[in-house]
Amino acid sequence: MTTQYPVLTEGPEPGLPRPDRASGAVAPSPGPAWDGPTYYGRAQLKPAPFENAVVGGYIFLAGLSGSSAILAAIAQATRGEEAGPLVRRARYTALLAPTLGSALLIYDLHTPSRFYTMLRVAKATSPMSIGTWILMGFSGCAILTAAAQFAGDRGVAPRAAGVVARLAGWPAAVLGAGLSTYTASLLAATSTPLWAAAPRALAVRFGASSMAAGAAALALAETDAPTRRRLETLTAAALAVELAGDAAAALAYRRTGVAPATRGRAGRVERFGAVGLGVVLPLGLYAARHWRDRAGRPEDGRALSVAAGLAVLAGSALLRVAVMGAGDDSAARPDVSFRFSQPDNLPPGL
Amino acid sequence: MTMHPRAADFPQSDLPGVIPHESELTAGVRIEPGRSYGFFTDTTVCIGCKACEVACKEWNNLPADNLGLTGHSYDNTGALSANTWRHVAFVETSGCGGVRDTVEAPFQSGWLMMSDVCKHCHNAPCLEACPTGALFKTEFDTVVVQQDICNGCGYCVPACPFGVVDVSPVDGKAHKCTLCYDRLKGGLEPACAKACPTDSIQFGELSVLQARAEERVAVLHERGVPGAYLYGTPGAPGATGDLGHLNAFFLLTARPEVYNLPAAPTRPANRVAPSLASGLAAVAGLAVAAAFLLGASDRRRS
């Protein structure tokens, strides 16, 4: 059979390479961003449909409550009756997650009336399921501890109330550690590039930030000066760990090519709000306060301490909201998500 | 393609009911619970007719998403969403800077078209992330959202490495392709595969489809399409990072990114343990520091 139409043996001249050129002629180069083809610059992933202020606020409250429960148990065990006011405040602070935090979580559901379907399964592959059960367990223990504290304070069976508060306080502390950190696992176990790029560093940042927030909040309310100093030293230690986590995360972002997603507004909030205001500034203020103590003017340092504590709390909340926002940015940018899903970013052995 | 012998039993246009095991006649496969089913989408024979999109919307009663023009070639659908479970991507490979060439090689060889769909991953990240158990593996090895259980937490959306699952603002539940779970139960092949006029979308048992796809790649290589490869079969691009394999896999002729697919997606659940362990270690370390700090002040006082 003969051909009825002219056949071009060669196609048209190849066009110039451009970012969204589909020929595949542009070789992928491991670099800061993907400069190979994209599909009309459209997002390859869908950003999480969370309200960042709401879920970020929950993560902050969960961290604050979790670390308060830890500090309550430790203060009770190491100082006993002497630390009574500190323990009382810590036990009441731990109620933030079961009350306001849970309400925020249910508010963020797209079908809030079905919040209870979270309780029909338990899944080790889903940090949200793990977190549901951690929050349930923590809520039970924290509420029991706080109720016993309340009863004891009002003179209702003070001895039995003390025993109940101590006994329920330990599981609350253990679950509080989970409550402070599972939220990082929740973000890391997604396909959102920025969250998935540094699972370990993100968890260290969230865990340390939780402890810093808990200690700072308790230090703000502490009237006993030596105890306040100890809590502030603990806050500074937690901030130092958080700073190390920040550095590790920044390195991982650069290595895996998701760093461009941190150059938006959320990334700026993370750098200047969470790290600058929430970590570097308070560390400086605590150092200044320490220097004044050394110089023999301890009373002058109270304002510095209060400012540092407030900055830590604000930074801890901003960290969570900013990380969520930057994650959404990374999911919306195909250059970032395609760079992240290159074979050189696969975990070893897979 | 030869006619199935049973097809002669149903010559009339108006049928009294569903033909028993109709998929045998239309797709050459009997649908039985306990076996793995999926899609093989061969993009080299896709003509971009969007019959799959329409058939999907018709069968599943899904409303339109976008009635405007996107300016992205003939793709006015844009992306998969809560209401769009098949999406035909259009890529114009010739021309430069958005200007179409005046000279075209025959057979429209300057086009790439691909009908995208939920991949029904073997280790499905959406299913592993779902905290309510609304997402589950069916008896046909497909992944489906149970609408009477989903509470719209939205965690499956960022979990999906392909950007498939979406929460509908209308009913507040997660939606995605069900691989026509209801049709499979009734012995019918999925609507998109049945509507596809070029057999670009093929429905069948996964092992059979994978063997057929390997054969098709070999044929294409022989015919002078050296760039043809499979996306989503075991060990291939798309089935990386412990995802296992994709029950809906593709034959592509350009880089995955060209079709808006990730080259090497990963399984998010593998990141749960490392991040939990590191976070707990950091908190435990700080708790020990707290015990020393608070305990030390005790000793100093006494």
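Everything quoted here is computed from the prediction, not taken from an experiment.

(A) Quick look at the overall build of chain B. Summing up its helical and strand segments, chain B has 8 helices and 10 strands in all. Counting all 302 residues of chain B, 59% fall into the buried class. By sequence separation, contacts in chain B at least 24 residues apart represent 63% of the contacts at least 6 residues apart. Total accessible area on chain B is roughly 12100 Å²; 57% of this is exposed by carbon and sulfur atoms.

(B) Region of interest: the domain arrangement of chain B. Looking at chain B, the domain boundaries give domain 1 (17–96 + 106–266) and domain 2 (272–302). Each of domain 1 of chain B and domain 2 of chain B has a C-alpha centre, and the two are 49 Å apart.

(C) Seen up close, a nonpolar patch on the surface. All names here are of chain A. A contiguous nonpolar patch, built from Phe 115, Tyr 116, Leu 119, Trp 133 and Met 136 and spanning about 490 Å² of accessible area, is present on the exposed surface. Mapped onto the fold, Trp 133 is located in helix H4 (residues 127–153). The exposure class of Trp 133 is partly exposed, given its relative accessible area of 36%.

(D) Representation of the nonpolar core within the structure. Formed by 62 residues in total, the largest nonpolar core has its most connected members in Phe 39, Leu 135, Phe 162, Phe 203 and Tyr 259 of chain B. Counting residues per element, this core draws most heavily on strand E3 (residues 111–117) of chain B, which supplies 5 residues. Look past the residues within four positions of Tyr 259 of chain B in its chain and what remains in contact with it is Thr 43, Leu 112, Met 114, Leu 252, Thr 253 and Ala 254 of chain B. Counting 53 residues, the second largest nonpolar core, distinct from the first, contains Ala 62, Phe 138 and Ala 184 of chain A together with Ala 129 of chain B.

(E) Structural context of the sheet that holds strand E9 (residues 229–231) of chain B. Residue and element names in this part refer to chain B. Read from one edge of the open sheet, 4 strands run E8-E1-E10-E9, paired in mixed fashion. At either margin of the open sheet sits one strand with a lone partner, and together these are strand E8 (201–205) and E9. With strand direction ignored, the average angle separating the axes of adjacent strands in the sheet is 25°. In terms of strand pairing, E9 meets strand E10 (residues 248–252) through 3 bridges, oriented antiparallel. Note on E10: the bridge partner recorded for Tyr 231 is Phe 250. Helix H7 (residues 206–222) rests against strand E1 (37–42), E8, E9 and E10 of the sheet, and its axis sits at about 135° to E8.

(F) Representation of helix H1 (residues 52–79) of chain A in the model. Residues and elements named next belong to chain A. Over its 28 residues, H1 extends 39 Å from the first C-alpha to the last, a length consistent with the 40 Å expected when each residue adds 1.5 Å. The buried fraction of H1 amounts to 25 of the 28 residues, a majority that puts the element mostly inside the structure. After H1 finishes, the residue Gly 80 shows a positive phi value of roughly 65°.

The rules behind these values
Residues numbered from 1 in each chain as written. Chains lettered and ligands numbered in written order. Predicted model: local features only at pLDDT ≥ 70, side-chain atom pairs only at ≥ 80, totals over all residues. Heavy atoms only, no water. Helix = DSSP H or I, 4+ residues; strand = E, 2+ residues; numbered from the N terminus. Buried < 20%, exposed > 50% of the residue type's maximum accessible area, 1.4 Å probe, protein only. Contact = heavy atoms within 4.5 Å. Areas by Shrake-Rupley, 256 points an atom, 1.4 Å probe, with all protein chains shown as cover. Domains from an automatic or database assignment. Patch = residues over 30% accessible without salt bridge, like charges linked within 9 Å, V, L, I, M, F, W, Y side chains within 5 Å. Salt bridge = Lys/Arg side-chain N within 4 Å of Asp/Glu carboxyl O. Core = buried A, V, L, I, M, F, W, Y, C linked by side-chain atoms within 4.5 Å. Pairing = 2+ DSSP bridges. Axes fitted to C-alpha atoms, helices over the stretch in contact; angles between N-to-C directions. Expected span 1.5 Å × (residues − 1).

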